[in-house]
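Each chain is listed here by its residues.
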There are 2 protein chains.
Amino acid sequence: MNKDSWVQYISMPHPCLGDNTADVDRLTALLKQQLDARFIDMDRAIIASLPHILRKSNFDVRCILFGYNQHYHLIDVQPSTECLPVYGLAIDLGTTRIVIRLLNLCTHSTITENTMDNPQGKIAPDVLARVHYADKPEGLDYLQQLIIDAINDQIQAICITHKICSKQIMSMSFAGNTCMTHLFLGFPAQAIIREPYIPVVNRQMIFSATELGINIHPHARLFVFPNIGSYFGGDLISGILSLDLMHHPEVSIMVDVGTNAEVVLGNKDWMIACAGAAGPALESGVSKIGMTAGPGAIERIQQNNNSFSWQTINDKKPVGICGSGFIDLAAVLFRSGMLDIRGKFVPDLCKDRLYHINNIIHFQVVSGEQSANGKDLTISQVDIDSLIRSKAAMYTILTTITKSVDIQWKDISVFYVAGTFGQYIDPASAITIGMIPDLPLQQYRSVGNTSLEGASRVLLSRSDIESVSDIHKHITYIELNVNQEFMNRFSAAKFLPHTDTSLFPSVMVQSN
Amino acid sequence: MNKDSWVQYISMPHPCLGDNTADVDRLTALLKQQLDARFIDMDRAIIASLPHILRKSNFDVRCILFGYNQHYHLIDVQPSTECLPVYGLAIDLGTTRIVIRLLNLCTHSTITENTMDNPQGKIAPDVLARVHYADKPEGLDYLQQLIIDAINDQIQAICITHKICSKQIMSMSFAGNTCMTHLFLGFPAQAIIREPYIPVVNRQMIFSATELGINIHPHARLFVFPNIGSYFGGDLISGILSLDLMHHPEVSIMVDVGTNAEVVLGNKDWMIACAGAAGPALESGVSKIGMTAGPGAIERIQQNNNSFSWQTINDKKPVGICGSGFIDLAAVLFRSGMLDIRGKFVPDLCKDRLYHINNIIHFQVVSGEQSANGKDLTISQVDIDSLIRSKAAMYTILTTITKSVDIQWKDISVFYVAGTFGQYIDPASAITIGMIPDLPLQQYRSVGNTSLEGASRVLLSRSDIESVSDIHKHITYIELNVNQEFMNRFSAAKFLPHTDTSLFPSVMVQSN
C-alpha cells in the first residue's frame, strides 16, 4: 500500500461492547495514525452514510482523502473490494489556454490531456482588460462562470470519451497566475493591478467542488495553489514543485519566458524570485508578421550559406513568425553579419532583401512566391529594436537577480526554461542574441508546462502537496528595483550579444 | 478588549509597496497572533467581500469568529465602528423539550430564553420509538426537518419580539443526548440502540448553519457537543463544562436524574462517568396518577400532624403527582410510619386511607372532594414498589461508581443534582427514602438545566469551547457491570432507607 497516496485502505477492528467507539471516530483514529494527520474532516452526508458502508463492507474500506498540513478531507469511503478507478483532474489555468489532465489516482497514470482556449479570451485577450471588465456589474460573476462552464464542458466530454462517471473524479488542482486564479474563484482583482498591487489572497486554499459548481464527486475537494504576489502566481509555485527546486543542493534557476519574465533562483536552503516585464516581442511579437504559435507560423530558422531555411508549424506555407522563430532569425542575421552589434541592418550584406516601406527599413524574411498570401513577409528595424529591448530586459532581470545574491553564472547547475513558449526557444539562438547567459547548452533544460506538472503532483502524492506551503514560505520575492544601476545594465545589454562581449565567449568564437 | 471573546477588534497596517501581503493573509496573520490560532478558515463569499470591507473601514475591523482547537472560522468582518449587537443561540435539545437561549456575544447578557415541546414528540414521546421511526423511508429526514423547522420558527419569533435581524445571529451551540443529537444532524441512530450500541459519531463538530438549513447569518457556525457513547451525551458534557467540574481540586459528583441516571464523579485530575436505568418511577411515574410536571401536578408534599399538605404546580386542584411529589410522599409516609422499612403500607397507621381496588392495596393521597376530577387520587402498593426499585437502582449506581474508585461519601465536596426534573427534588426527602446518600443538606446543590448553561458558555468564551474536548478526553466511561455484587447492593438498597441503617444516620435520628 502506498502511504503517500490519497487512496488509503483501512481494515477496522469491529465494534463490540468492550470497544464501542463511534463509526466516525473509529475510522478517523485509524486514518490519523496511518496518515500522521491531525484532523480528518468530512461532509455531513459522508458521516450519515458511514454506518451503512462500514457494515456492508465488513469494516474493510478504501478511503479517498485530500488536504494538507495534516488536515485532510475524507471525500469518499468505499468497500475495499471496489475496483472502479479513482480519478483526479489537474488544471493549468493559463490566460490564453487552459490545459486539463485526467489522472488515475490509483495507478498514477495520465488518462488524457485536453487543451482549450480560455473562454475569457472572448472578453479580452489580456489579463488587465479582463480585470477591468470584472469591475462592471456582474462582470466578475460572468468571467468566473465562463471558466467554470468551460471546465464542466470539458469534464463531460472527457467522461464520455473515456467512459467514466464524473463521480469517480474526486479531487482537482488549479495552478494559474494570480489574476486568473482570482477570476476563477470570483475574487475581485482590481487591487492586484493597481499600486500597491494587493491580491485578495496569497495562501493556498481548498474548496469543495460543489461550492464552486464543478460537476464531479459531490464531496470532491479542489486545491488552489498559493501565490507570492501580483506577479508571481500559483503556476510558478507549481512549476517549482514539479522541478523539485526546493530539494536540490545545487543552485538552479527557472525562467518562465513570456510577456513577463518570472525567475526563480535557489536551492534547498534559499530561494529568491522576481518578475519583470520583458515586452511582448518574445511571445506574440509586435511586428506586423508576429503571431502566436499556430499553423503556418515560422518557428525555426537556420542559415544555409547565404539564404535561410525555415520550418513552419504543421509545414504550412508561412503566414508569420512566432517568438522562437523571431529569436532564431535575429541570431541568424547577427551571425551572418546582416545585423550589427547595435542590432541595425547592414545594407551591404542584406542587399536587396532590405527596402523601405513607409520610410522604415524592412527586411524580407520570406518572398511573396513562398508565403501563404503571396506577399513578402518582412520585419522592420522597429521590430528588431523591440526584440532587442525585450532580450535586454530578460538578460538584465537575470543578471539583477543573480547579482542580488552574489551568484555567478558558473555557479548555476541547471537553467530551466519553462512555459509553453519557452520550450520552443533554441537556447543557442537565445545565447547568440544575448538574451540568456552563455552557459554550456547541456545546462539548459526546456521543461514545458511545469504548471500542469506540479498540479498533477499534488493529486498523486501527499508529500508533494505538503511541499507547496514549504515552497511558499521558502521563497523570498524581491521587487525589481528599476534604478540607475538597472538602467545601466539594461543599456549594456541592448547590443548583440552585449557591450561586454567577454560575457559571451561562445558567440564571439563563432563570429571570428 | 476581551481576548477570550469571539468578537475581536483588529487594526491592520495598510498595505504598501514594501508590504504587499494579500488581504486575507494580512488579516489572518493578525488574527492568528491575537487568538493564538493555527488556522483561520472562511467561506469563499467572505474572501470575496474582504477587499471592499477592509478599504471601506480603513483597515479597522471587528471580526466574529467561532471554532476550537486553534482552528477558527471567520464568520463576519465589519467596520470596527459597527455597533449592532452580535448574537448567539444556545440550544438544549431535550427529548421532551427544547430550550433556546439568545445571548448578546458582546455584552455576554441573556436576551431571552424560550422553551418549546420537541416537535418529534408527536411521532413518539420516547427516544427508542423515534429511532425506529427514523428507520422507515424518509423517516430520518422527516424527524430532522421537524426539529429544524421548529428551531427556525422560534428564531423568527425571537427576532420579531426583540427587533433583531436573524443575520445578527452568528453562532449557535447544541447540547443534547446522543440519540437526539443524531436525529437533529440526520445521522442514522439504529446502531446506538442495539448491542454493541455504536453511535455514528462521538466527536464534537462544527457545521455551517446554511448547510443545516438554519436561518441565521449565512456564514454562522454551529457547534455540536460530543458524546461519550450511547448513554452519555453532549448534554452531560455540556453540564460538566457549566459546573467547571474538571477544574475543581475537590472531588464532586453530578447526577442527572431521570429515567436514566447519568453520573459523573471526579475532579481536575480524573473523572469517571456511568449511566444506568433508574426506571420511569422517578420522572413521569408509572402509577395511575403519575404525570410529568405540569399544571395541577402535586410537586411537593409535607406532613402536618396526621395529615399532609401539598403544593401543586400553578396552584391548581390536584390532577396527579409528579416525580418530586412522589418522592416527598414516600418520605412523608415512611417518616409517619405508614410505610415500613420494606416499603409496605402499615394498615394500622394508614387506617381508612388504605383500601383495595381490584385486589391491590391503594392509598388515598387526595380525597375526591379536593381533587380536580372529584375522584380520589390514590397510589398503589405496586407504585410504591416501583419507586423503591428506582430509588434503589439510583443508590446502587451511586455506590458502585464511588466504590469503583474507592471514594467515600465523606470525600465528596459537592453533590450536584442536574436536570430539569432534578431541580425539583427535595434532597431531604430523597435522603429519607435512601435514594441519595446521607450527606449534609448544604452539600446538595440543585443546578437546573446545566446542558443549556454549558451550551451558552461555548458561545461566550473561547477558553470554554477549548475545554469541551479536554472534558471529552478527561472522562473515563465505565460500563455498569450488573453482576452479583451489583445485585446484592441493589437488594440491600430496596429498603427504606436501606438495610444498613448506619448509612443514613440523619434519617434514623428523625425516626427515633
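Everything numeric here is computed off the predicted structure, so don't read it as measured data.

Glancing now at the overall build of chain A. Along its length, chain A carries 15 helices and 22 strands. Over its C-alpha atoms chain A spans a radius of gyration of 26 Å, differing by no more than 12% from the 24 Å that the globule rule assigns to 512 residues. For chain A, the spread of C-alpha atoms along the principal axes amounts to about 100 × 50 × 45 Å. Counting every position in chain A, which comprises 512 residues, the buried fraction comes to 61%.

On to the packing of aromatic side chains, then. Residues and elements named next belong to chain A. Counting across every chain of the model gives 27 aromatic pairs over all chains. Note on Tyr-133 and Tyr-142: the rings are 6.3 Å apart at their centroids and 50 degrees apart in plane angle, and the pair reads as tilted. Between Phe-223 and Phe-225, the ring centres sit 5.1 Å apart and the planes meet at 75 degrees, which makes this aromatic pair edge-to-face. A network of ring pairs unites the aromatic residues Trp-6, Phe-66 and Tyr-72 as a single cluster.

This next bit is on the environment of Ile431(A). Residue and element names in this part refer to chain A. With respect to the element layout, Ile-431 can be found in helix H11 (residues 427-432). For Ile-431, a relative accessible area of 3% puts it in the buried group. Separated by 73 residues in sequence, Ile-431 and Phe-504 have C-alpha atoms that sit 7.7 Å apart. Every residue in contact with Ile-431, bar those within four places of it in the chain, is listed here: Ile-436, Pro-437, Asp-438, Leu-439, Leu-441, Tyr-444, Pro-497, Phe-504, Ser-506 and Val-507.

Attention now goes to the side chain of Ser242(B). Residues and elements named next belong to chain B. Here Ser-242 shows up in helix H7 (residues 234-243). On the basis of relative accessible area, Ser-242 is assigned to the buried category, the value being 12%. Those residues in contact with Ser-242 that lie beyond four places of it in its chain are Thr-450, Glu-453, Gly-454 and Arg-457.

Before going further, it helps to examine the relation of the copies chain B and chain A. Between the two copies, chain B and chain A, the superposition gives an RMSD of 0.1 Å; the rotation angle is 180 degrees and the shift along the axis is 0.1 Å. When the rotation and shift are considered jointly, the pair of chain copies conforms to a two-fold rotation axis. Among all residues of chain B, the one whose C-alpha sits closest to the rotation axis is His71(B), at a distance of 5.3 Å. The fraction of interface residues of chain B whose copies in chain A are also interface residues reaches 100%, indicating that both copies meet through the same surface.

Further remarks concern helix H7 (residues 234-243) of chain A. Buried residues dominate H7(A), accounting for 10 of its 10 residues. Regarding H7(A), the residues found buried are Gly234(A), Asp235(A), Leu236(A), Ile237(A), Ser238(A), Gly239(A), Ile240(A), Leu241(A), Ser242(A) and Leu243(A).

Before going further, it helps to examine the packing of helix H3 (residues 127-134) of chain A against helix H5 (residues 178-185) of chain A. Residues and elements named next belong to chain A. Relative to each other, H3 and H5 sit at 30 degrees, their axes nearing to 10 Å. It follows from the interaxial angle that H3 and H5 lie roughly parallel. For H3 against H5, the interelement crossing comes out left-handed. Contact residues: H3 offers Val-127, Arg-130, Val-131 and Ala-134, while H5 offers Cys-179, Met-180 and Leu-183.

Turning our attention to the state of the cysteines. Residue and element names in this part refer to chain B. Considering all chains together, one arrives at zero disulfides over all chains under this definition. Of the cysteine sulfurs around Cys-274, a residue in no disulfide, the closest is that of Cys-179, at 18 Å. Among the residues examined, Cys-274 registers a relative accessible area of 0% and is labelled buried.

What follows concerns the sheet that holds strand S1 (residues 7-11) of chain B. Residue and element names in this part refer to chain B. An order of S1-S3-S4-S2 is seen for the four strands of this open sheet, with the pairing classed as mixed. Both edges of this open sheet fall to S1 and strand S2 (39-42), since each of them pairs with a single strand only. The sheet shows a mean angle of 40 degrees between the axes of neighbouring strands, taken without regard to direction. With eight bridges joining them, strand S3 (residues 60-68) and strand S4 (residues 71-79) adopt antiparallel strand pairing. Paired with Ile-64 across the strands is Asp-76, a residue of S4. Here helix H13 (residues 462-474) sits on the sheet and contacts S3 and S4; the angle it forms with S3, its principal contact strand, is near 20 degrees.

Tallying the contact residues gives 43 residues for chain B and 43 residues for chain A. Across the interface of chain B and chain A, roughly 3500 Å² is buried in total on both sides, 58% from carbon and sulfur atoms. Of all residues in chain B, the largest losses of buried area upon contact with chain A belong to Asn20(B), Arg44(B) and Arg203(B), amounting jointly to 20% of the total for that side. Inspection of the region where chain B meets chain A yields two salt bridges. The partner of Arg44(B) in a salt bridge is Glu211(A), and the shortest N-O contact between them spans 3.7 Å. The interface formed by chain B and chain A contains 16 residue pairs in polar contact (both at pLDDT 80 or more).

Turning our eyes to something else, we now look at the confidence of the model for chain A. Here chain A averages 93 in pLDDT, and 97% of its residues register 70 or above. Reported confidences for the modelled complex are a pTM of 0.92 and an ipTM of 0.92.

With that settled, the discussion passes to the pattern of salt bridges. All names here are of chain A. What the rule picks out here adds up to 32 salt bridges over all chains. One salt bridge in this structure joins Lys-410 and Asp-411, with 3.3 Å as the shortest N-O distance. Judged by relative accessible area, which is 69%, Lys-410 ranks as exposed. Each of Arg-101, Glu-113 and Glu-453 takes part in one network of salt bridges that share partners.

Positive charge collects at one region of the surface, where Lys32(A), Arg38(A), Lys473(A), Lys32(B), Arg38(B) and Lys473(B) lie side by side. Look at Arg38(B) and you get partly exposed, because its relative accessible area is 32%.

Take H5(A) next. Residue and element names in this part refer to chain A. When you tally the buried positions in H5, you get eight out of eight residues, the bulk of the element. All of the buried residues along H5 are Thr-178, Cys-179, Met-180, Thr-181, His-182, Leu-183, Phe-184 and Leu-185. N-cap assignment for H5: the residue whose side-chain oxygen lies 3.2 Å from the backbone N of Cys-179 is Asn-177. Just past H5, the residue Gly-186 takes up positive phi, approximately 80 degrees.

Residue and element names in this part refer to chain A. Tracing the sequence through the fold places Asp-500 in the loop between helix H14 (484-493) and helix H15 (505-511). Under the relative-accessibility criterion, Asp-500 is labelled partly exposed at 35%. Of note is the side chain of Asp-500, whose polar atom sits 2.5 Å from the side chain of Ser-502.

Residues and elements named next belong to chain A. Pairing within the open sheet is mixed, and its three strands lie in the order S15-S14-S16. Looking at strand neighbours, the two that pair on one side only are strand S15 (307-312) and strand S16 (320-321), the edges of this open sheet. Here strand S14 (residues 297-304) runs beside S15; their pairing, made up of six bridges, is antiparallel. Bridge pairing in S15 links Asn-304 to Ser-307. Across the face of the sheet, helix H8 (residues 323-335) comes into contact with S14, S15 and S16 while running at roughly 20 degrees to S14.

This paragraph deals with the environment of Ala150(A). Residues and elements named next belong to chain A. Counting through the fold element by element, Ala-150 comes out in helix H4 (residues 139-161). According to the relative accessible area criterion, Ala-150 is buried, its value standing at 13%. Sequence separation between Ala-150 and Pro-119 is 31 residues, and the spatial gap between their C-alpha atoms is 7.0 Å. Ignoring any residue separated from it by four or fewer positions in sequence, one finds Ala-150 in contact with Met-116 and Pro-119.

Take the pairing of strand S13 (residues 271-277) of chain B next. Residue and element names in this part refer to chain B. Burial analysis of S13 places six of its seven residues in the buried class, the great majority of the element. With seven bridges joining them, strand S12 (residues 260-266) and S13 adopt antiparallel strand pairing. The partner of Gly-266 across the bridge, within S13, is Met-271. Between S12 and S13, which pair antiparallel one after the other, the connecting turn spans four residues. Two elements, S13 and strand S22 (residues 475-477), share three bridges in a ladder whose sense is parallel. The residue of S22 that forms the bridge with Ala-273 is Tyr-477.

What counts and how
- Residues numbered from 1 in each chain as written.
- Chains lettered and ligands numbered in written order.
- Predicted model: local features only at pLDDT ≥ 70, side-chain atom pairs only at ≥ 80, totals over all residues.
- Heavy atoms only, no water.
- Helix = DSSP H or I, 4+ residues; strand = E, 2+ residues; numbered from the N terminus.
- Rg over C-alpha atoms; globule rule 2.2 N^0.38 Å.
- Buried < 20%, exposed > 50% of the residue type's maximum accessible area, 1.4 Å probe, protein only.
- Phe/Tyr/Trp six-rings, centres within 6.5 Å; stacked < 30°, edge-to-face > 60°.
- Contact = heavy atoms within 4.5 Å.
- Least-squares fit on C-alpha atoms with pLDDT ≥ 70 in both.
- Axes fitted to C-alpha atoms, helices over the stretch in contact; angles between N-to-C directions.
- Parallel < 35°, antiparallel > 145°, perpendicular 65-115°, else oblique.
- Left-handed = near helix turned anticlockwise from the far one by under 90°.
- Disulfide = S-S within 2.5 Å.
- Pairing = 2+ DSSP bridges.
- Buried area = accessible area lost by both parts, 1.4 Å probe.
- Salt bridge = Lys/Arg side-chain N within 4 Å of Asp/Glu carboxyl O.
- Polar contact = N/O pair within 3.5 Å; in protein donor to acceptor, adjacent residues only side chain to side chain.
- pLDDT = per-residue confidence, 0-100.
- Patch = residues over 30% accessible without salt bridge, like charges linked within 9 Å, V, L, I, M, F, W, Y side chains within 5 Å.
- Areas by Shrake-Rupley, 256 points an atom, 1.4 Å probe, with all protein chains shown as cover.
- Lys, Arg positive; Asp, Glu negative; His and termini not counted.
- Charge placed at Lys NZ, Arg CZ, Asp CG, Glu CD.

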